[in-house]
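# Breakdown of the fold
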Amino acid sequence: MGQLTSHAIGFTLNTRWEDLPAEVKHQVKRCLMDSMGALVAGSQTPVAGIIRKTALEQFGGDQATIMVSGERVSAAGAALANGFSGNALDIDDGYRPTKGHPGACALPPVLAAAELAGGCSGREFLTALVVAYELGTRAGLIRHATYDVYHSSGSWGAIAGAAAAGRLLGLTGSQLFHAMGAAEYHAPIAPMMKGIDTPSMGKDSIGWGCMTAVLSALMARDGFTGIRPLFDDAPEPSLVLNLGQQWEILNLYFKPYAACRWGQPAVAGALQIVRDHRLDPDQIGHIRVRTFEAATRLPGVHPRDTEAAQYSLAFPVAAALLDGEVGPGQVLPPRLHDPRLLALLDRVSTEVAPEFEAEFPAKAPAEVIVETTTGDVFRSGRIEARWEPPDTLPSDHELEEKFLWLTVPVIGKMKAMDLKGRLWSADQWATIDPIIDGCRS
């Protein structure tokens, strides 16, 4: 076992809640609230319904819970279903350097393993989430340093999920080595840009990665052997050796809109123009979006389904101009087929801005230019997505408002308010029952 992998395993096994910095303890609760809001709302999407049916038919059992519905299946089946729900609306947290979603990869395996292990306290649950975030952000960087193709979150999230699940299941250091190696070997190596060029329910392969994570931990517990995990492939040893000293969970972004992060700067720019100029959507003649090349790859056609609406730049811009928000109500039927919305979508064009391309992926800027039917031209100027580190992160109150916006339509106001309070006190739970019961519809 190499030094870097050994260090990653030591971090996985030896991290303790009481030793975490106060800001990390607070941030993981913010992340839990944000991820749970995305999962609860995502459970109502078509893809979540399909995968729930698959889990019930193919992953029967009584080990873990499909969140919201409350149905019981195997641990791997619950991770699969909850993984698809968590990323179904593309409104979950992200990490800019990996261009991916660590939270949706972390929560479902940790939930499943905590239920399967039994007696998992809130502190141990939260600590496992921290471990998954810290390993996942680094695994994503290493994955992209060793492959030329931009791969999905599930391809590296599975490794982190296996480690966190393995911790909760009581795996030894040797077993964790094999769990992470098995997860790396069996993880979905999904070419992400193909999924953006042709949107599908595969999304970021997060659901499959979550299932792989749990299965890998369980197989390793029974003696299955895996390859050497990727941590020893790190281009810079400090990337792994700073585990427990540099906390990447503090460097996440959050998402105010149910859309690909690459389209969110344009949404923010469009909303700014409408707000500053009191612009009536019927006065809009044309909308130009100047941005980086990858964002211009987001399809601009009429979306056939929820996934295509999210992996679009023109659709969320048009929806924001008409509705003032981009959430479940916009990317789910029947709104995504609204003729007035689609007519405005047809007036959106995109172009590569060389100065913005030079900043990507460290930054993801855009500029929106709206030309009215009366000849006026309004420009947003350079704008980035909201809720980015380090300067525009959401307050606790803003994350609470987002959580309620997503969950109230699914579980009702009283239950959503109660669940919000439970999440802030997660470190006081004797078991994880408060989160399992709190989101049951």
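The sections below set out a description of the structure shown in this document. Bear in mind that the values here come from a model prediction, so they are computed numbers and not experimental data. (Residues numbered from 1 in each chain as written. Predicted model: local features only at pLDDT ≥ 70, side-chain atom pairs only at ≥ 80, totals over all residues. Heavy atoms only, no water.)

## Comments concerning the overall build of the protein
- Secondary structure summary: the protein contains 21 helices and 6 strands in total.
- In terms of overall dimensions, the protein is globule-like: its C-alpha atoms have a radius of gyration of 21 Å, near the 22 Å expected for 441 residues.
- Counting the 441 residues in the protein, one finds 60% classified as buried.
- Long-range pairs, those at least 24 residues apart, make up 76% of the contacts in the protein with a sequence separation of at least 6.
- Accessible surface for the protein amounts to roughly 15,600 Å². Of this, 51% is attributable to carbon and sulfur atoms.
- Between the centroid of the 38 positive side chains of the protein and the centroid of its 50 negative side chains there is a distance of 2 Å. (Helix = DSSP H or I, 4+ residues; strand = E, 2+ residues; numbered from the N terminus. Rg over C-alpha atoms; globule rule 2.2 N^0.38 Å. Buried < 20%, exposed > 50% of the residue type's maximum accessible area, 1.4 Å probe, protein only. Contact = heavy atoms within 4.5 Å. Areas by Shrake-Rupley, 256 points an atom, 1.4 Å probe, with all protein chains shown as cover. Lys, Arg positive; Asp, Glu negative; His and termini not counted. Charge placed at Lys NZ, Arg CZ, Asp CG, Glu CD.)

## Here's the deal with the nonpolar core
- Ranked by internal contacts, the top residues of the largest apolar core, which has 99 residues, are Leu32, Met36, Phe125, Phe231 and Ile435.
- Looking at this core, the element that brings in the most residues is helix H6 (residues 122-146), giving 11 residues.
- Excluding residues within four positions of it along the chain, Leu32 makes contact with Leu107, Phe125, Leu126, Leu129, Leu423, Ala426, Trp429 and Ile435.
- In terms of nonpolar packing, the next biggest core, distinct from the first, is built from 53 residues, Ala270, Ile287, Ala366 and Leu406 among them. (Core = buried A, V, L, I, M, F, W, Y, C linked by side-chain atoms within 4.5 Å.)

## Quick notes on helix H4 (residues 75-87)
- End to end, H4 covers 18 Å across 13 residues, agreeing with the expected 18 Å (1.5 Å per residue, within 8%).
- H4 sits mainly inside the fold: 13 of its 13 residues count as buried. (Expected span 1.5 Å × (residues − 1).)

## Some details on the environment of Asp376
- In this fold, Asp376 is placed in the loop between strand E5 (366-372) and strand E6 (377-379).
- We classify Asp376 as partly exposed; its relative accessible area is 39%.
- Each C-alpha atom of the pair Asp376 and Gly285 lies 9.7 Å from the other, and the pair is 91 residues apart in sequence.
- The contacts of Asp376, once residues within four sequence positions are left out, are Val370 and Glu371.
- A distance of 3.4 Å separates the side chain of Asp376 from the side chain of Thr374, its partner in a polar contact. (Polar contact = N/O pair within 3.5 Å; in protein donor to acceptor, adjacent residues only side chain to side chain.)

## With respect to the sheet that holds strand E4 (residues 348-352)
- Pairing in this open sheet of 4 strands is mixed, and the strands run E4-E3-E5-E6 from one edge to the other. Two strands close off the open sheet at either side, each with one partner strand: E4 and E6. When strand polarity is set aside, the average angle formed by the axes of neighbouring strands in this sheet is 20°.
- Here E5 pairs with E6 via 3 bridges, running antiparallel. The residue of E6 that forms the bridge with Ile369 is Arg379.
- Across the sheet, helix H12 (residues 264-277) is in contact with strand E3 (284-291), E5 and E6; its angle to E5 comes to roughly 45°. (Pairing = 2+ DSSP bridges. Axes fitted to C-alpha atoms, helices over the stretch in contact; angles between N-to-C directions.)

## What to know about the packing of aromatic side chains
- If you walk through the whole model with that rule in mind, you get 6 aromatic pairs.
- Measuring from centroid to centroid gives 6.1 Å for Tyr150 and Trp262, while their planes differ by 40°, and the two rings are tilted. Taken together, the residues span a long stretch of sequence, with Tyr150 in the loop between H6 and helix H7 (153-168) and Trp262 in the loop between helix H11 (238-241) and H12 at a distance of 112 residues. Of the two residues examined, Tyr150 and Trp262, each falls in the buried class.
- Ring centres of Phe292 and Phe360 lie 4.2 Å apart, and the angle between their planes is 10°; this geometry places the pair in the stacked category. Of this pair, Phe292 sits in the loop between E3 and helix H13 (293-296) while Phe360 sits in the loop between helix H18 (354-357) and E5, placing them 68 residues apart in sequence. Here the two residues Phe292 and Phe360 agree in accessibility, since each one is buried.
- Each residue in the set Tyr150, Trp262, Phe292 and Phe360 is aromatic and connected to the rest through ring pairs, giving one cluster.
- Across the ring face of Tyr150, the terminal group of Lys99 is positioned such that the distance to the ring centre comes to 4.2 Å. (Phe/Tyr/Trp six-rings, centres within 6.5 Å; stacked < 30°, edge-to-face > 60°. Lys NZ or Arg CZ within 6 Å of the ring centre and 35° of its normal.)

## Let's talk about the environment of Leu116
- Take Leu116: it is sitting in helix H5 (residues 102-117).
- For the pair Leu116 and Ala75, spaced 41 residues apart in sequence, the C-alpha to C-alpha distance is 6.7 Å.
- When neighbours within four sequence positions are excluded, Leu116 is seen to be in contact with Gln63, Ala75, Leu169 and Leu218.

## Some remarks on the side chain of Asp204
- Position of Asp204 among the secondary structure elements: in the loop between helix H9 (192-197) and helix H10 (206-221).
- Lys203 is the oppositely charged side chain nearest to the buried, salt-bridge-free Asp204, at an N-O distance of 7.5 Å.
- A polar contact of 2.4 Å, which involves the side chain of Asp204, links it to the backbone nitrogen of Ser153.
- In contact with Asp204, not counting residues within four places along its chain, are Asn87, His101, Ser152, Ser153, Gly154, Met192 and Tyr311. (Salt bridge = Lys/Arg side-chain N within 4 Å of Asp/Glu carboxyl O.)

## A word on the packing of H7 against helix H8 (residues 173-186)
- One way to put it is that H7 packs onto H8 with a least axis distance of 8 Å and a crossing angle of 150°. Viewed along their axes, H7 and H8 adopt a mutual orientation that is roughly antiparallel. Taken as a pair, H7 and H8 cross one another with a handedness that is right-handed. Mapping the contact onto sequence places Ala158, Ile159, Ala162, Ala163, Gly166 and Arg167 in H7 and Leu176, Ala179, Met180, Ala183 and Glu184 in H8.
- Residue composition of the contact of H7 with H8, grouped by class: 8 nonpolar, 1 polar and 2 charged. (Parallel < 35°, antiparallel > 145°, perpendicular 65-115°, else oblique. Left-handed = near helix turned anticlockwise from the far one by under 90°. Nonpolar A, V, L, I, M, F, W, Y, C, P; charged D, E, K, R; others polar.)

## Points about the pattern of salt bridges
- For the structure shown, the criterion picks out 29 salt bridges.
- Measuring nitrogen to oxygen at the nearest pair gives 2.5 Å for the salt bridge that ties Arg52 to Glu71. Here Glu71 lies in the loop between strand E1 (64-65) and strand E2 (72-73) and Arg52 lies in helix H3 (residues 46-58), a separation of 19 residues in the sequence.
- Accessibility expressed as a relative area gives 33% for Arg52, which makes it partly exposed.
- A residue is classified by how much of its surface remains accessible, and Glu71, at 22% relative accessible area, is partly exposed.
- As a salt-bridge pair, Arg96 and Glu388 come within 2.2 Å of each other at their nearest N and O atoms. Taken together, the residues span a long stretch of sequence, with Arg96 in the loop between H4 and H5 and Glu388 in the loop between E6 and helix H19 (396-411) at a distance of 292 residues. Take Arg96 and Glu388: they sit in the same class, and that class is buried.
- Salt bridges sharing common partners tie together Arg288, Arg290, Glu351, Glu355, Glu367 and Arg379.

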